[in-house]
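# Observations on the three-dimensional arrangement
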Amino acid sequence: MSSFKETMKKITSNPVYVKWLKDAWPYLTGAILLSLFQIVTLATTYNPWGVTGPYTNWGAWIFELFGGSVDKWYYFSSEGMQRTLENGFLADGGSVRNAGLILGALLAVLFASQFKIKKIKSKKQVVAAVLGGLLMGYGARIAYGCNIGALYSGIASLSLSGWVFGIFLFLGAIVGSKLLVKYFM
Amino acid sequence: MKEVMLDCFGEACPIPLVKAQNKMKEMDIGDILIVSIDHSCAMKNLPDWARGEGHNVEVEETGDGEWEVVIEKVK
Amino acid sequence: MSETQAGSSIRRSSSSRAGSARKPKPNQLPFAILVLLLLIAAGIALQAFGFGTGWYLVTGLIFGYILQRSRFCFTASMRDPYLTGSTLLTRAVLAALAFTTIGFAAIKYGYFKAGLPIPGMDYVVPVSFATVFGAFIFGIGMVIAGGCGSGTLMRVGEGFYMQMLSLLFFIVGSFWGAHDFGWWKETVINKGFEVFLPDVFGWFGAVVIQLVVILLIYIAAEKYHEAKASADAH
């Protein structure tokens, strides 16, 4: 067992490990790598990266689990949407990519040996999470996406909608900051 | 010269940074602020901010996913 | 240079020092390798069982890994200028927008030149009051919940119970939005208009104008950051 521990120690004190797996990268490194894989994503899947679209499918699948039906909903009425819902989670690229994003972040913290469960600390955090989640969910649906799909992919796709989204997102963030300091801190 | 401990375990971003900024305003030159955090973004934005202000900063990893950011107010 | 230095130059009383007194925990590296192996197996299984989404799993993992490692946060890029006076992440997002614009435009132009349908046009969506209102409430929500679409997922992976709760209600909100979408589409979105910038300015003009706008915002953000930092010091 001691040799295992020694090997671990050798790996975790290696400068390559420290640089790539332990320390935080500069933001610019993130910007360059995200751009690279955005471009790869467009080239290989014919669509840019999006995150929130699949959430409506998750909602629909959970709703169906409880016996509900979304067949009559305008949002799910297209043939493509119906097919996506029928084929399920594992066949929905966006859903799998979101699961991958969670697990990719998990991998990153495990490799850095920095995983820790962070429990909810106060009622304030519960209210903030519920209210924030609802506002983001509803907002993203009517605005055709979130910071990724509507803003990042929208602007990079040379769509005016991305810029308009960005301006009002910024204004919303200012109001959110005021609320955060006043009620949630 | 005094030491001020600021416990920000379980606080989501940007609360540790805002709390630290407010605390630093009340402190005198030479005082040391020690912020305990377990938010991986705060271990970057908090030192980034303090270094930008010209303070002495050290980050110590005290456990898995836990850090102490030590800031010495220099001006 | 390691950001987590053990040796300290700041003189600090030994009573407040926790580092040496704490008992060492087992390193999490073996779990990382185990999870990685399971994910490789999952990716192969997605392909082998005909779901065809293995590549999506790979790109998701890569996006999650990059976001976590670089602490990239779209929420902070929008929130920090007002709240903390920092525009470091704002500038990083602007850089990403510029790089990705160039790559996307090259791909799109290639398809256009070849007379093929341009990829990714689903992301060129109408501008309407729904964009304005949706973006505004999204902005409020992401700041109080401590994470946007990608940030919430990333923090779920990092073990934050708060963002797991917010993800749950993100899904509820999305589903609610989908429920009302017919109304929004009919009364608001249909009054809007789609603008694909190359249709207005030409391909070259659109890319150049967009890059210049990004550069101008970048410079303004840098000046704002410096002004805020020096105002704080006095």
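Our subject is the structure listed above.
Attention in this report is confined to the structure presented alongside it. The residue numbering used here restarts from 1 in each chain and proceeds along that chain's sequence as written. Think of it this way: whatever chain is written first is A, whatever ligand is written first is 1, and the rest follow in order. Reporting of local features is limited, given that this is a predicted model, to residues whose pLDDT is at least 70; pairs of side-chain atoms are given and counted only at 80 or more, and all residues count toward the totals for whole chains, interfaces and linings. For the side-chain quantities, the full set of heavy atoms in the structure was used; hydrogens and water were omitted.

## So, the overall build of chain A
- Counting its secondary structure elements, chain A contains 9 helices and 0 strands.
- Helix numbering and strand numbering both begin at the N terminus, where a helix is a DSSP run of H or I of at least 4 residues and a strand a DSSP run of E of at least 2. Order of helices (α) and strands (β) in chain A, N terminus to C terminus: α-α-α-α-α-α-α-α-α.
- Relative to a compact globule of 185 residues, whose C-alpha radius of gyration would be 16 Å, chain A shows 20 Å and is clearly more extended.
- Viewed in the frame of its principal axes, chain A has a C-alpha envelope of about 65 × 45 × 40 Å.
- Should any heavy atoms of two residues lie within 4.5 Å, those residues are counted as being in contact. In chain A, the proportion of contacts linking residues at least 24 apart, taken out of those at least 6 apart, comes to 52%.
- For accessible areas, the Shrake-Rupley method is used with a probe of radius 1.4 Å. Any residue's cover is judged against the shown protein chains and nothing else. Total accessible area computed for chain A in this model is approximately 8000 Å², and 69% of it derives from carbon and sulfur atoms.
- Counted charges follow a simple rule, with Lys and Arg positive, Asp and Glu negative, and His plus the chain ends left uncounted. Charge placement uses NZ in Lys and CZ in Arg. For Asp and Glu, CG and CD serve respectively. In chain A, which carries 17 positive and 7 negative side-chain charges, the distance between the mean positions of the two groups comes to 20 Å. The reference for a compact globule is 2.2 Å times residues^0.38; the radius of gyration itself is calculated from the C-alpha atoms.

## Quick word on empty space enclosed by the protein
- Detection works on a 1 Å grid of protein atoms alone, calling trapped sets that fit a 1.4 Å probe cavities and calling open sets with protein on both sides within 12 Å along at least five of seven lines pockets, with lining residues defined by an atom within 4 Å of a point. Grid points are joined across faces, edges and corners, and a volume is the space filled by probe spheres set on the points. Taken as a whole, this structure holds 4 cavities of 30 Å³ or more when the rule is applied.
- Roughly 80 Å³ of internal volume is contained in the largest cavity.
- Lining the largest cavity are 14 residues, with Leu180 of chain A, Ala12 and Ile15 of chain B together with Ile144 and Met162 of chain C positioned closest to its centre.
- Those elements that provide at least two residues to the lining of the largest cavity are helix H7 (123–142) of chain A together with helix H5 (129–145) of chain C.
- Approximately 70 Å³ is the volume found for the second largest cavity.
- Lining the second largest cavity we find Tyr27 of chain A, Leu17, Asn45, Asp48 and Trp49 of chain B together with Asp80, Thr84, Ser86, Leu88 and Leu89 of chain C.
- Counting only elements with at least two residues in the lining of the second largest cavity, the list comes to helix H2 (42–52) of chain B together with helix H4 (88–113) of chain C.
- The biggest single contributor to the lining of the second largest cavity is H2 of chain B, with 3 residues.
- Following the grouping adopted for this structure description, the nonpolar residues are Ala, Val, Leu, Ile, Met, Phe, Trp, Tyr, Cys and Pro, the charged ones are Asp, Glu, Lys and Arg, and the polar ones are all others, Gly among them. When the residues that make up the lining of the second largest cavity are grouped by side-chain class, the tally is 5 nonpolar, 3 polar and 2 charged.

## Here's the deal with the interface of chain A and chain C
- With 130 residues of chain A at the contact, the number on the chain C side is 125 residues.
- By convention, the term buried area covers the 1.4 Å-probe accessible surface removed from two parts as they join, with the contributions of both added. Contact with chain C buries surface across chain A, with Tyr27, Met136 and Leu158 of chain A losing the most and accounting together for 7% of the total.
- Whenever a carboxyl oxygen of Asp or Glu lies within 4 Å of a side-chain nitrogen of Lys or Arg, that contact is scored as a salt bridge. Connecting chain A to chain C are 0 salt bridges.
- By the criterion applied in these results, polar contacts are pairs of N or O atoms within 3.5 Å in which, for protein atoms, one can donate a hydrogen and the other can accept it, and in which residues neighboring in sequence qualify only through two side-chain atoms. Taken together, the links from chain A to chain C amount to 28 residue pairs in polar contact (both at pLDDT 80 or more).
- Looking at the side of chain A that touches chain C, the elements that each hand over two or more residues are helix H1 (2–12), helix H2 (15–22), helix H3 (27–45), helix H4 (53–65), helix H6 (93–111), H7, helix H8 (147–156) and helix H9 (160–183) of chain A.
- A per-element tally of the side of chain A that touches chain C places H9 of chain A first, with 20 residues.
- Across the side of chain A that touches chain C, the residue classes break down as 86 nonpolar, 35 polar and 9 charged.

## Remarks on the layout of surface pockets
- Approximately 920 Å³ is the volume found for the second largest pocket.
- In terms of lining residues, the second largest pocket is bounded by 31 residues, among which Gly53, Tyr75 and Met81 of chain A together with Asp122 and Tyr123 of chain C are the most central.
- When contributions to the lining of the second largest pocket are tallied by element, the ones reaching two or more residues are H4, helix H5 (79–87), H6 and H8 of chain A together with helix H7 (161–187) of chain C.
- Residue composition of the lining of the second largest pocket, by class: 13 nonpolar, 13 polar and 5 charged.

## Section: the interface of chain C and chain B
- Between chain C and chain B, the contact holds 34 residues from the first and 34 residues from the second.
- Interface of chain C and chain B: buried area, both sides summed, is about 2900 Å²; carbon and sulfur atoms make up 51% of it.
- Our count for the contact surface shared by chain C and chain B stands at 0 salt bridges.
- For the pair chain C and chain B, the number of links is 4 residue pairs in polar contact (both at pLDDT 80 or more).
- Where the side of chain C that touches chain B is concerned, the elements lending two or more residues are helix H2 (54–70), helix H3 (74–83), helix H6 (149–157) and helix H8 (197–233) of chain C.
- Counting residues per element, the side of chain C that touches chain B draws most heavily on H8 of chain C, at 3 residues.
- Among the residues making up the side of chain C that touches chain B, the classes are represented as 10 nonpolar, 13 polar and 11 charged.

## A short note on the environment of Ile29 of chain B
Residue and element names in this part refer to chain B.
- Along the chain, the position of Ile29 falls in the loop between helix H1 (15–26) and strand S2 (32–37).
- Ile29 sits 26 residues away from His55 along the chain, and the two C-alpha atoms are 9.9 Å apart.
- The residues touching Ile29, leaving out its near neighbours within four places in the chain, are Lys73, Val74 and Lys75.

## Some remarks on the side chain of Ser95 of chain A
Residues and elements named next belong to chain A.
- Along the polypeptide, Ser95 turns up in helix H6.
- What makes Ser95 buried here is its relative accessible area of 0%.
- Sequence-distant contacts of Ser95, that is, excluding residues within four places in its chain, are made with Pro54, Trp58, Trp61 and Phe89. Buried residues are those whose accessible area, probed at 1.4 Å on protein chains only, stays under 20% of the maximum for their type, while exposed residues exceed 50% and partly exposed ones sit between those limits.

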